[in-house]
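# Descriptive analysis of the structure
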Amino acid sequence: AAYGVLVLEYTPIEGLVLGTVLCCLGDGLVIPKMKEFGERFKGHPMPRLVFTWAPLEASFVLTIFGVLMGFSSPANQQKVSPTLLVLANVLRILATLAIGALLGAASGWLISRRSAAVIAQQKVF
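Reference entry: report on the structure contained in this document. (Residues numbered from 1 in each chain as written. Predicted model: local features only at pLDDT ≥ 70, side-chain atom pairs only at ≥ 80, totals over all residues. Heavy atoms only, no water.)

### Description of the overall build of the protein
Stated precisely, the cut-off is as follows: For helices the rule is a DSSP run of H or I covering at least 4 residues; for strands it is a run of E covering at least 2, with both sets numbered from the N terminus onward. Radius of gyration here is computed from C-alpha atoms only, and the compact-globule reference equals 2.2 Å multiplied by the residue count raised to the power 0.38. Only heavy atoms enter the contact rule, under which two residues are in contact if any of them lie within 4.5 Å. Neither His nor the chain ends contribute to the count of charged residues, in which Lys and Arg are positive and Asp and Glu negative. To locate a charge, the coordinates of NZ of Lys, CZ of Arg, CG of Asp or CD of Glu are taken.
For the protein, the helix and strand inventory stands at five helices and two strands. For the protein, the N- to C-terminal ordering of α and β elements is α-α-α-α-α-β-β. In terms of C-alpha radius of gyration, the protein reaches 22 Å, well past the compact-globule figure of 14 Å for 125 residues. C-alpha extents for the protein along the principal axes are approximately 65 × 45 × 20 Å. For the protein, the share of sequence-separated contacts (at least 6 apart) that also reach a separation of at least 24 residues comes to 44%. Side chains of the protein carry 10 positive and 6 negative charges; the gap between the two charge centres is 17 Å.

### Description of helix 4 (residues 46-71)
The condition that has to hold: Helices are assigned an expected span. That span is 1.5 Å times one less than the residue count. To get the bend at a given residue, fit one axis to the seven residues ending there, fit another to the seven starting there, and take the angle between those axes. The buried label goes to any residue with under 20% of its type's maximum accessible area, the exposed label to any with over 50%, and the partly exposed label to all in between, with areas taken from a 1.4 Å probe on protein chains only.
In this model helix 4 runs 36 Å from its N-terminal to its C-terminal C-alpha over 26 residues, within 8% of the 38 Å that 1.5 Å per residue would give. Bending of helix 4 peaks at approximately 30° at the position of W53, with proline P55 no more than four residues after it. Along helix 4, the residues that are buried comprise P47, V50, A54, E57, A58, V61 and L68.

### Observations concerning the pattern of salt bridges
Under the convention used in this document: Within this document, salt bridges are pairs made up of a side-chain nitrogen of Lys or Arg and a carboxyl oxygen of Asp or Glu, the two lying within 4 Å of each other.
In the structure shown here, the tally under the stated rule is one salt bridge. E36 serves as the salt-bridge partner of K33, at 3.8 Å between the closest nitrogen and oxygen. Of this pair, K33 and E36 both sit in helix 3 (residues 27-40), three residues apart, roughly one helical turn. Taking the relative accessible area as the measure of exposure, E36 reaches 47% and is therefore partly exposed.

See below:
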């Protein structure tokens, strides 16, 4: 972000967006390497920490990216109140959490009843 602002002469918001784009770990790259590391160095805590952190880090950076994109404004876009942007992002995050909780509860309910599913008098699972 600092490089974008100081060298590339981006605005601070554009620099932060650039920083979030460059920050995110690629799960597809990190997980196989940590698996290889764990096989080579048995009992080392590093793979476990990375397996725990990589998905959380990616989710956090994507959330921050989404919030910052609202604050960065293209040249021909109308000005929007920062308060409205913050409220819209909070509402979006809360809606995402609520829908995720609803889908999780529905999945748990369906999975616990999957052995009872029958189609044409044949068990499905």
